[in-house]
Amino acid sequence: MTKRWRRTGAQLIWETLLGEGVHTVFGYPGGAILPAYDAMLDYPIRHILVRHEQGATHMADGYSRASGEVGVAVATSGPGATNMVTGIATAMLDSSPIVCVTGQVGSALIGTDAFQETDVTGVTLPITKHNYLVTEVDEIAPALHEAFYVARSGRPGPVLVDITKDAQQAFTQRRPRLGKVDLPGYRPEPRPPESELQSAAELINRAERPVILAGHGILISGAMGRVRELAERARIPIAMTLLGIGAIPANHALNMGMMGMHGESWVNQAIQEADLLLALGMRFDDRVTGSLKTYAPNAAKIHIDIDPAEFNKNVRVDVALAGDLSAVLAHLLPVIEARDRSEWLGSIRGFKGDTAVRDIQNLPDMGKLYAAHVIHDIWRMTGGKAIVTTDVGQHQMWEAQYYRHNEPRSLITSGGLGTMGFALPAAVGAKVARPDDEVWVIAGDGGFQMTMCELATIAQERLKLNVAIINNGYLGMVRQWQEFFYDRRYAGTPILSPDFAALARSFGLGGEVVKSRQEVEGAVERARADERTVVLDFQVEKEDTVYPMVPTGARLQDMIRRPGQEADGEPESEEEPVAAGRTVEW
Amino acid sequence: MTPGPDGRIRPHIFVVWVEDLPGVLNRVTSLFRRRGFNIESLSVGPARAPGVSRMTIVVRTDATTARRMLVQLSRLVNVLRADDITNEPAIHHELAMFKIQATGEERTQVIQLAGATGARLVDIAPESVVLEATASPAKIDGLEEVLRPYGIVEQVRTGLVGMARGAASVMTDPDARKPPKRRRASSDENGGSHSV
């Protein structure tokens, strides 16, 4: 007699995850998720034990951003789930698809303030794309199946599925039938009307001074090729948001680089003088626009995004095209005319002027160790081919300025939420997703200390990463704001750090301290050659500043520029590690 | 939130169709809370289609913000449709009940008033009467004004519900297209008998 099909809820969790293509989860066990952990041993699932659940969510996020697949984090009820909040909010703000599975106390105990009980779906309601409380065994598979669909479709985002302990323990004999998800109120892929596409094409063809604003949506949609085709045919220069970096190769002739608060002044000037902004998968964040009243005053604006809620939120646009970027561009491209626009490209060259000469990267080190030099050297030595993860702050901006990314999904950084402590766990996720790629963490001494417990995870999992700590003894970006806007009153920003190299060694990892420019190359070389993860403690100039900078709320063209007197040195020769294969326009 | 060019603040009436699931009310009201709006009135009840609830929400705001709220509402997974019917030709009614302490001469006057204003007498007790009226919020305000001198001891108003005039309207109920599943969306408490 054949045995009748029978599963526990816990078994269904793993069977559904496997069905969604999941083979690795980042998690931490506990009472309410114990049935799921027990069942896990019987399935081909790699579980990476984190040291803090925030790490699990950042790892899932890093995994997702490196691979384009949904990352999965698992935690128990109460504190396990609340520790995930920062990581979930980070994924929400940067449209990163992750699914968080949390255990919940038994359904009979819900609402009684039971041990380790928290209303997790309530807590995460505003920071998830959607969430579920599952109290019955037969709801588990459909809820998880739906969660993956919602997380990855439309504008991606985090979805949380909270499953009560009794639902995990219960048996069912009803085999789940998971077909196409039917969510009548959910319209993940809108399509713009033909008339709007026509108006957009006319604006583009008519424009004399257009600029493409390239955002994260290009990477999510996989529209890199079509954006290039558009830019090349119509000869439109491209400015990138922080999360758009990598969408267009840094060495592409039309790529100007990053825009906004710490973008180069001439990139911002090009935006301010443009007669057309073509915003692709970006959302006009305040870090990008500066003062909204004076933002690109003479430019018509076309906004293409999959999320209609972004239209006219910050900047009023003339044409809004709701839809998947790649699909919209496929419709738009046939009606885009080839243009020359050399006059416009020439004037942008003029805006650039001596910016590159004043750039700290081209300055002699004068015996000092500058973060810009460290990042430039890492870029040079890795051939620009590493996946780099960063936290938020000065090091993040220097990375964006001096590590020239030519590949999509090669910069993984917390943009919208600006989460300190993101880089190290995100790098773990990236390495697990792409084990054959070189992964570098670039973090500050402040942010690194927020999640450095994950070094133990790295040691336990024998993962090979390289970690560069830009150690300046301050919470550098906050210090910089205090220097500019708070009369150099350094309240709460000087920070004492442990000996990071010795700390790394205590985990069985490698560690080195680097204090001068001459030591950078050797240290980076040794770190790359080491089979263990190596932490490099770059003790850089303490009061270095990220230039240029648009003060909050100022006009985009009113940037605090690099101090002129530092521009006396002879520029170093520009070393281009990647064969550009084309002349760079600027 | 800076008011847009059409920034006149006035009551906006949203009609929102949602899947009838636990926690959906929380999701909808959370959107208004995040923007610091005080909901003036909110009413929820079953729509025509099974598994669908219909909400009428009144919020004071400007047109630009109202438009943004509408898009945000539409973005919720459990929201089937959301309309701003502020400018639609529609019937906006609410139901109100007033308990008035009145005996003797006053009692007769109150009962006469009820007849004259279209309010119905729904309860008579030795020392009080209860009047019920269904009308536009302005008319209800008027009734309250007239009754106040007699001594209103208790009153309740449902908040506004709306329906467009005519046979074909923007407000034809959407279907959930599937039988309601026992899928739980969130864990908040729900007030009424309806399981939103």
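What you are looking at is a predicted structure, and each value in this text was computed from that prediction instead of being measured.

To continue, consider the overall build of chain B. Counting secondary structure elements, chain B contains four helices and nine strands. The secondary structure elements of chain B, listed N-terminal to C-terminal, are β-α-β-β-α-β-β-α-β-β-α-β-β. Excluding contacts between residues fewer than 6 apart, the proportion of contacts in chain B whose partners are at least 24 apart in sequence is 79%.

A separate point is helix α22 (residues 476–485) of chain A. Residues and elements named next belong to chain A. Where α22 is concerned, the buried positions are Gly 476, Met 477, Arg 479 and Gln 480. For α22, the buried positions fall inside an angular range of 155° around the axis, keeping them on one side. Lining the buried residues of α22 we find α18 (394–402) and β17 (439–444). Looking at the residues trailing α22, positive phi occurs at Asp 487, about 60°.

Our next topic: the domain arrangement of chain B. It is common to report an interface's size as the accessible area lost on association of the parts. What the domain assignment reports for chain B is domain 1 (10–89) and domain 2 (91–157). For domain 1 of chain B versus domain 2 of chain B, the distance between C-alpha centres works out to 30 Å.

Residue and element names in this part refer to chain A. Packing of helix α3 (residues 53–67) against helix α5 (residues 85–93) leaves a shortest axis separation of 7 Å and a crossing angle of 25°. In terms of their interaxial angle, α3 and α5 are classed as roughly parallel. Only Thr 86, Gly 87, Ile 88, Thr 90 and Ala 91 of α5 make contact with α3, whose side of the interface consists of Gln 54, Thr 57, His 58 and Asp 61.

As a further point, take helix α17 (residues 371–381) of chain A. Residue and element names in this part refer to chain A. Counting buried positions along α17 gives eight out of 11 residues, so the element sits mostly inside the fold. The set of residues buried in α17 consists of Ala 371, Ala 372, His 373, Val 374, Ile 375, His 376, Ile 378 and Trp 379. Turning to α17, the residues buried within the fold contact α18, β17, β18 (466–471), α24 (517–529) and β20 (534–539). Positive backbone phi, approximately 65°, marks Gly 383, located one or two places after α17.

A few words now on the packing of helix α1 (residues 9–19) of chain A against helix α7 (residues 137–152) of chain A. Residue and element names in this part refer to chain A. Axis separation between α1 and α7 bottoms out at 9 Å; the angle between their running directions is 20°. By the criterion of interaxial angle, the relationship of α1 to α7 is roughly parallel. The two elements α1 and α7 cross, and the hand of that crossing is right-handed. Residues Gly 9, Leu 12, Ile 13, Thr 16 and Leu 17 of α1 pack against Val 137, Ile 140, Ala 141, Leu 144 and His 145 of α7.

The next thing to look at is the confidence of the model for chain B. Residues and elements named next belong to chain B. This prediction gives chain B a mean pLDDT of 83; 82% of its residues lie at or above 70. Mean pLDDT across the elements of chain B ranges from a minimum in strand β9 (residues 161–164), with 85, to a maximum in strand β8 (residues 152–157), with 96. In the predicted structure, residues 178–196 sits below a pLDDT of 50 and forms 63 contacts with residues beyond four places in sequence or in another chain. Confidence estimates for the predicted assembly give a pTM of 0.91 and an ipTM of 0.84.

On to the sheet that holds strand β19 (residues 510–514) of chain A, then. Residues and elements named next belong to chain A. In spatial order, the strands read β16-β15-β17-β18-β20-β19; together these six strands make up an open sheet with parallel pairing. Looking at strand neighbours, the two that pair on one side only are β16 (411–413) and β19, the edges of this open sheet. For this sheet, the mean angle separating the axes of adjacent strands, direction not counted, is 20°. Note: β18 against β20, six bridges, orientation parallel. Opposite Ala 468, over in β20, you have Leu 536 as the bridge partner. Packing against the sheet, α24 makes contact with β18, β19 and β20, and its axis sits at approximately 175° to β19.

Rules used in this analysis
Residues numbered from 1 in each chain as written. Chains lettered and ligands numbered in written order. Predicted model: local features only at pLDDT ≥ 70, side-chain atom pairs only at ≥ 80, totals over all residues. Helix = DSSP H or I, 4+ residues; strand = E, 2+ residues; numbered from the N terminus. Contact = placed C-beta atoms within 7 Å. Buried ≥ 20, exposed ≤ 12 C-beta atoms within 10 Å, placed from the backbone. Arc of directions from axis to C-beta. Domains from an automatic or database assignment. Axes fitted to C-alpha atoms, helices over the stretch in contact; angles between N-to-C directions. Parallel < 35°, antiparallel > 145°, perpendicular 65-115°, else oblique. Left-handed = near helix turned anticlockwise from the far one by under 90°. pLDDT = per-residue confidence, 0-100. Pairing = 2+ DSSP bridges.

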